[in-house]
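Here is what each chain is made of, one letter per residue.
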Amino acid sequence: MLAAVDVPVVAAGGLVSAGDVAGVLAAGAVAVQLGTAFLLADEAGSSPVHRAALQSPEFTETVVTRAFSGRYARGLRNRFIVEHDAQAPLGYPEIHYLTSPVRKASAAAGDPQATNVWAGTGWRQARTGTVAEIMTGLAPV
């Protein structure tokens, strides 16, 4: 029989608010890892089309898809996902290279419907500002 071992836990996934951070720390996590919370940060590398889509009421949900790259990732449900996800094969990086021209053209045209708009489930809670400002807002009180 294996003995119980205390292992430090880093919580990740679905964390975008101070309440989320406080909750997982109270539950025993020693640290948190956040991604989506920083997509609108001034320092983020997200494109203008990505940033606009994250703030647009046009998008109502995220889904896990392999349509853009051939491996699973979560993003805003858009036309490309609706039209291609069901038949998209697993095949990274080949699918990534195949869809690259479409994604680039879509982003250049300012059209979020045919490019990957990666986001976690809490994307609606992401805020603009500097990373320092966002971090301050995430600190549990």
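The structure contained in this document is the topic of the report that follows. (Residues numbered from 1 in each chain as written. Predicted model: local features only at pLDDT ≥ 70, side-chain atom pairs only at ≥ 80, totals over all residues. Heavy atoms only, no water.)

With respect to the layout of surface pockets
In this structure, the largest pocket encloses a volume near 160 Å³. Contributing to the lining of the largest pocket are A12, G13, G14, L15, V16, Q33, L34, G35, T36, G120, T121 and G122. Split by residue class, the lining of the largest pocket holds four nonpolar, eight polar and no charged. (1 Å grid on protein atoms, 1.4 Å probe; cavity = no way out; pocket = protein on both sides within 12 Å on 5 of 7 lines; lining within 4 Å. Points joined across faces, edges and corners; volume = space filled by probe spheres on them. Nonpolar A, V, L, I, M, F, W, Y, C, P; charged D, E, K, R; others polar.)

Things to note about the side chain of S69
Among the secondary structure elements, S69 is positioned in the loop between β3 (62-65) and β4 (73-76). In this structure S69 comes out as buried when scored by relative accessible area, which is 9%. Engagement of the side chain of S69 in a polar contact is seen with the backbone oxygen of R71, the distance being 3.1 Å. (Helix = DSSP H or I, 4+ residues; strand = E, 2+ residues; numbered from the N terminus. Buried < 20%, exposed > 50% of the residue type's maximum accessible area, 1.4 Å probe, protein only. Polar contact = N/O pair within 3.5 Å; in protein donor to acceptor, adjacent residues only side chain to side chain.)

Looking at the nonpolar core
Among the nonpolar cores identified, the biggest contains eleven residues, and these are A11, L15, V16, V21, A29, L34, A37, F38, A41, I134 and L138. For L15, the residues in contact, after removing those within four places along its chain, are D20, V24, V32, Q33, L34 and A37. Counting ten residues, the second largest nonpolar core, distinct from the first, contains A53, F59, A119 and W123. (Core = buried A, V, L, I, M, F, W, Y, C linked by side-chain atoms within 4.5 Å. Contact = heavy atoms within 4.5 Å.)

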